Amino acid sequence: MGNSLYGRGQSSHREQSCHRLQIKSPRLSIKVIISCMTLLTFAVMIIFPGVLAPHDPNAVDLDNRLAKPGVNHPFGTDHHGRDILSRVIYGAQASLVTALSVVAIGVVLGTFIGLVAGFFGGVIDQTIMRIVDLFLAFPGTILSIALVGLFGASLFNIVIALSVMWWVSYARIIRGSVLQIKEKDFIKGARLMGGNSYYIIRQHVLPNVLSPLFALATLDVGSAILHITGLSFLGLGAHPPTPEWGAMIQGSIAFMETAPQTMIFPGLCIIITVLSFNCLGNWLKERIDPMRMEKTDFQ
């Protein structure tokens, strides 16, 4: 009987694994290809800013203040004579790395909390979900502004403030997925075979709930960029003269009519990056969808 039960558990686990992995072959549209190439370009900018930037991003040249785009300065210069192209390249480091940090912390923290709440249930689940409801009761943007104002203006404090609210959506999604998965036969079989909670979560539950997170996390990077640049625009982000896209736009408001290039290029970088992450995230959401997975029988 033990061998029969073990065999059924193994078979159920193999079927579930196949169910998880059999995803319809994705079709790469031209939009997705362009988005991937764009994001790859920004990744190179983050890794090798000193190689790509033609000038020191903080070098002041008052003789070339608000210069129009030209050969020496392809994107022109700002009101301090600093090269905008160089500042845009270095600004990718500040904006994108900060956004990726926020999303990464949110994914890790939200996944852990969601797993604990969904798997153990009871008082633990109720307590965690009441905390989640408490965070959802406050507008996220207002809460992040209040926290950054409390801790002080800096990119590090923006990461802390946004991470405090960013885990909530991931925790809810993971909890809902765990509540469904833990009632499956292969989970019951693992329990009957003597698997402890840690083993079941690591081997059976976690691999089955991670797929939807990839698409959500990709979409959330774009949202995080908008939050970070928005807070920097309000003066709550990077300190001058650190190049950051939101801060660059904030510093160019007074010159938007006489030197629009000071605002246009960092703004375009924000728009292009957010659209690229959204396009890639929507593609992943369509392709990594549990409803699209096909079950295959094993002999």
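For the structure given in this document, a descriptive report is provided here.

What counts as what
- Residues numbered from 1 in each chain as written.
- Predicted model: local features only at pLDDT ≥ 70, side-chain atom pairs only at ≥ 80, totals over all residues.
- Heavy atoms only, no water.
- Helix = DSSP H or I, 4+ residues; strand = E, 2+ residues; numbered from the N terminus.
- Expected span 1.5 Å × (residues − 1).
- Buried < 20%, exposed > 50% of the residue type's maximum accessible area, 1.4 Å probe, protein only.
- Arc of directions from axis to C-beta.
- Contact = heavy atoms within 4.5 Å.
- Core = buried A, V, L, I, M, F, W, Y, C linked by side-chain atoms within 4.5 Å.
- Disulfide = S-S within 2.5 Å.
- Phe/Tyr/Trp six-rings, centres within 6.5 Å; stacked < 30°, edge-to-face > 60°.
- Patch = residues over 30% accessible without salt bridge, like charges linked within 9 Å, V, L, I, M, F, W, Y side chains within 5 Å.
- Areas by Shrake-Rupley, 256 points an atom, 1.4 Å probe, with all protein chains shown as cover.
- Salt bridge = Lys/Arg side-chain N within 4 Å of Asp/Glu carboxyl O.
- Axes fitted to C-alpha atoms, helices over the stretch in contact; angles between N-to-C directions.
- Parallel < 35°, antiparallel > 145°, perpendicular 65-115°, else oblique.
- Left-handed = near helix turned anticlockwise from the far one by under 90°.
- Nonpolar A, V, L, I, M, F, W, Y, C, P; charged D, E, K, R; others polar.

Some details on helix α5 (residues 122-136)
Given 3.6 residues to a turn, an α-helix orients residues that are three or four positions apart in the same direction.
Right, on to step 1. Between its first and last C-alpha atoms α5 spans 21 Å; for 15 residues at 1.5 Å apiece the expected length is 21 Å, and the two agree.
Right, on to step 2. Every buried residue belonging to α5 is among Asp-125, Ile-128, Met-129 and Val-132, and all of these are buried. Projected onto a plane normal to the axis of α5, the buried residues spread over an arc of 100° and lie on a single side. Exposed and oriented more than 90 degrees from the buried face of α5 are Val-123, Gln-126 and Arg-130.
Right, on to step 3. Of the surrounding elements, those touching the buried residues of α5 are α4 (84-120) and α7 (155-181).

Things to note about the nonpolar core
Right, on to step 1. With 63 residues, the main nonpolar core has Leu-96, Leu-162, Trp-166, Val-205, Ile-225 and Trp-245 as its most contacted residues.
Right, on to step 2. For Leu-96, the residues in contact, after removing those within four places along its chain, are Phe-42, Ile-46, Ile-225, Trp-245, Thr-273 and Phe-277.
Right, on to step 3. Counting residues in each nonpolar core, the second largest holds 8 residues, with Ala-117, Ile-128, Met-129 and Ala-171 among its members.

Quick word on the state of the cysteines
Right, on to step 1. Taken as a whole, this structure holds 0 disulfides when the rule is applied.
Right, on to step 2. The structure places no disulfide on Cys-279, whose sulfur is separated from the nearest cysteine sulfur, that of Cys-36, by 8.0 Å.

Notes on the packing of aromatic side chains
Right, on to step 1. Here the structure, examined in full by the defined rule, presents 4 aromatic pairs.
Right, on to step 2. Note on Phe-75 and Phe-265: the rings are 4.0 Å apart at their centroids and 5° apart in plane angle, and the pair reads as stacked. With a gap of 190 residues between them, Phe-75 in the loop between α3 (49-52) and α4 and Phe-265 in helix α12 (residues 261-287) connect regions that are remote in the sequence.

Things to note about a nonpolar patch on the surface
Right, on to step 1. Taken together, the side chains of Leu-40, Val-44, Ile-47, Phe-48, Val-51 and Leu-52 make up a nonpolar region of the molecular surface, amounting to roughly 580 Å² of accessible area.
Right, on to step 2. Among the secondary structure elements, those contributing two or more residues to the nonpolar patch are α2 (30-47) and α3.
Right, on to step 3. Here the element with the most residues in the nonpolar patch is α2; it accounts for 3 residues.
Right, on to step 4. Note on placement: Ile-47 falls in helix α2.
Right, on to step 5. The exposure class assigned to Ile-47 is exposed, which follows from its relative accessible area of 56%.

A look at the packing of α4 against helix α10 (residues 211-233)
Right, on to step 1. Two elements in contact, α4 and α10, have axes separated by 8 Å at closest approach and are oriented at 135°. As judged from the angle between their axes, α4 and α10 are oblique. Read as a crossing pair, α4 and α10 show a hand that is right-handed. Each of Ser-95, Leu-96, Thr-98, Ala-99, Leu-100, Val-102, Val-103, Val-107 and Thr-111 in α4 lies in contact with α10, whose residues at this interface are Leu-213, Ala-217, Asp-220, Val-221, Ala-224, Ile-225, Ile-228 and Thr-229.
Right, on to step 2. Grouping the constituent residues of the contact of α4 with α10 by class yields 12 nonpolar, 4 polar and 1 charged.

Topic: the pattern of salt bridges
Right, on to step 1. The tally for this structure, following the rule as stated, stands at 5 salt bridges.
Right, on to step 2. For Asp-78, the salt bridge goes to Arg-87, with nearest N and O atoms at 3.9 Å.
Right, on to step 3. When the shortest N-O distance is used, the salt bridge between Arg-172 and Asp-133 registers 4.0 Å. Here Arg-172 is found in helix α7, whereas its partner Asp-133 is found in helix α5, with 39 residues between them in sequence.
Right, on to step 4. Judged by its relative accessible area of 31%, Asp-133 falls in the partly exposed class.
Right, on to step 5. Each member of the salt-bridge network shares a partner with another, and the members are Asp-78, Arg-82 and Arg-87.

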